[in-house]
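Listed here are the chains, written in short residue letters.
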Protein chains: 2
Amino acid sequence: MSNTRVLALLDSADDGTVAAPCCPPLTERPFSAEEAETAARMFKALGDPVRLRLFSAVASHEGGEACVCDISDVGVSQPTVSHHLKKLKDAGLLASERRGTWVYYRVEPAVLAAMGRLLTVTPPVGRQGPAGPA
Amino acid sequence: MSNTRVLALLDSADDGTVAAPCCPPLTERPFSAEEAETAARMFKALGDPVRLRLFSAVASHEGGEACVCDISDVGVSQPTVSHHLKKLKDAGLLASERRGTWVYYRVEPAVLAAMGRLLTVTPPVGRQGPAGPA
């Protein structure tokens, strides 16, 4: 299993361990084109209701992981479930591991934390009062 | 200006004030179809690199707001900038106000905070150790 995409939103230290998230909070400064490409890929993957339900089903499942057999109650066929899980994996939000018949999916907590950091509200420069005309 | 969509991710109290975010953290329990519809709309709006750059440009701009004239340096035409800003507004992430010639955009901090909460990492039930078969 490759973790290359899983770690797309994270910087790696020289020893290969994950260091800090790649992108600052969205409210801190304008994103560069590269930062926006990386972060938009993650948001896009969560921008579908079925994928979002599957993602929360995996994320909240007992043990922190789930296989297709555990989370097929979202009103779509099992092949469709598998398709969406693969999309989430390709976007780096889930990691997967095959064990026997089933592929098990697990949320990457560091990636989730990095996305949460993007959405942290920080007071931008100059926001000290009402900005409209008096 | 209508705030109906702006508040889509938030619950309203009886007196019309904003109370708590609509959705729990993604890791807390599986999302319902309705919760997923609401939250996915927001994520989808941020799932485009140009929109994400524009969003961060508005969010981090002096005074917490910006007009098209302030944030046109993302490599696309001004009509395209306006188009994307409208998409962000339709998704409830930006509010807008016309003043003279220009429309000013402002991030909805409560919506941003609600999205950040979605991505909060909480330990799911039963995640107390390795989950694989012994």
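Before reading on, note that the structure itself is shown above.
Since we're looking at a predicted model, the values are computed, not measured.

Here is what the cut-offs are and how they apply
Per chain, residue numbering runs from 1 following the sequence as it is written. As a convention, the first chain written is A and the first ligand written is 1, with the rest following in written order. In keeping with the model being predicted, local features are shown solely for residues with a pLDDT of at least 70 and side-chain atom pairs are shown and tallied solely at 80 or more, while totals for entire chains, interfaces and linings include all residues. Calculation of side-chain values draws on the structure's entire complement of heavy atoms; hydrogens and water are dropped beforehand. Two strands make a pair as long as DSSP finds a minimum of two bridges between them. What counts as a helix is a DSSP run of H or I of at least four residues, what counts as a strand is a run of E of at least two, and both are numbered from the N terminus. The axes used here are C-alpha line fits, helices contributing only the stretch in contact, and every angle between their N-to-C directions lies in the interval 0 to 180 degrees. Whether two residues are in contact is decided by their heavy atoms, any of which lying within 4.5 Å being enough. For this analysis, a salt bridge means a side-chain nitrogen from Lys or Arg found within 4 Å of a carboxyl oxygen belonging to Asp or Glu. Here a cavity denotes grid points, spaced 1 Å and computed from the protein atoms alone, that fit a 1.4 Å probe unable to get out, and a pocket denotes an open set having protein on both sides within 12 Å along at least 5 of 7 lines; residues with an atom within 4 Å of a point are the lining. Grid points are joined across faces, edges and corners, and a volume is the space filled by probe spheres set on the points. When residues are grouped by polarity, Ala, Val, Leu, Ile, Met, Phe, Trp, Tyr, Cys and Pro land in nonpolar, Asp, Glu, Lys and Arg in charged, and all others, Gly among them, in polar. Note on ring pairs: Phe, Tyr and Trp rings are taken, using the six-membered ring of Trp, and paired if centres are within 6.5 Å. Classes follow the plane angle, with under 30 degrees stacked, over 60 edge-to-face and the rest tilted. A 1.4 Å probe rolled over the protein chains alone gives each residue an accessible area, and that area as a share of the maximum for its type sets the label: buried under 20%, exposed over 50%, partly exposed in between. By the criterion adopted, a ring carries a charge over it if an Arg CZ or a Lys NZ lies within 6 Å of its centre and within 35 degrees of its normal.

Caption draft 1: Here's a closer look at the sheet that holds strand S3 (residues 65–67) of chain A. Residue and element names in this part refer to chain A. If you walk across this open sheet you meet the three strands as S3-S5-S4, and the pairing is antiparallel. Each of the sheet's edge strands pairs with one partner strand only, and the pair in question is S3 and strand S4 (94–99). Within the sheet, the average angular offset between the axes of one strand and its neighbour, ignoring direction, is 30°. The pairing of S3 with strand S5 (residues 102–107) spans three bridges and is classified as antiparallel. In the sheet register, Cys67 faces S5, and the bridge partner there is Tyr104. The sheet strands contacting helix H2 (residues 49–59) are S3, S4 and S5, and the helix crosses S5 at an angle near 90°.

Caption draft 2: Layout of the pattern of salt bridges. Residue and element names in this part refer to chain A. Across all of its chains, the model carries ten salt bridges over all chains by this definition. Between Arg29 and Glu35 there is a salt bridge whose closest N-O contact spans 2.7 Å. Where salt bridges share partners, they join Glu65, Glu97, Arg99 and Arg106 into one cluster.

Caption draft 3: Structural detail: the layout of surface pockets. Residue and element names in this part refer to chain B. The calculated volume of the largest pocket comes to roughly 240 Å³. Every residue lining the largest pocket is counted, twelve residues in all, and those nearest its centre are Arg41, Lys44, Ala45, Arg51 and Lys87. Those elements that place two or more of their residues in the lining of the largest pocket are helix H1 (33–45) and helix H3 (78–90). Per element, the largest residue contribution to the lining of the largest pocket is three residues, and it comes from H1. Here the lining of the largest pocket is composed, by residue class, of two nonpolar, two polar and eight charged.

Caption draft 4: Expanded view of the packing of aromatic side chains. Applying the stated criterion across every chain yields a total of one aromatic pair over all chains. With a centroid separation of 6.1 Å and 20° between ring planes, the pair formed by A:Phe43 and B:Phe43 is classed as stacked. Taken together, the residues span two chains, with A:Phe43 in helix H1 (residues 33–45) and B:Phe43 in helix H1. Residue B:Phe43 is classed as buried on the basis of its relative accessible area of 0%. One residue, A:Arg99, lies across the ring of A:Tyr104, its end atom 4.6 Å from the ring centre.

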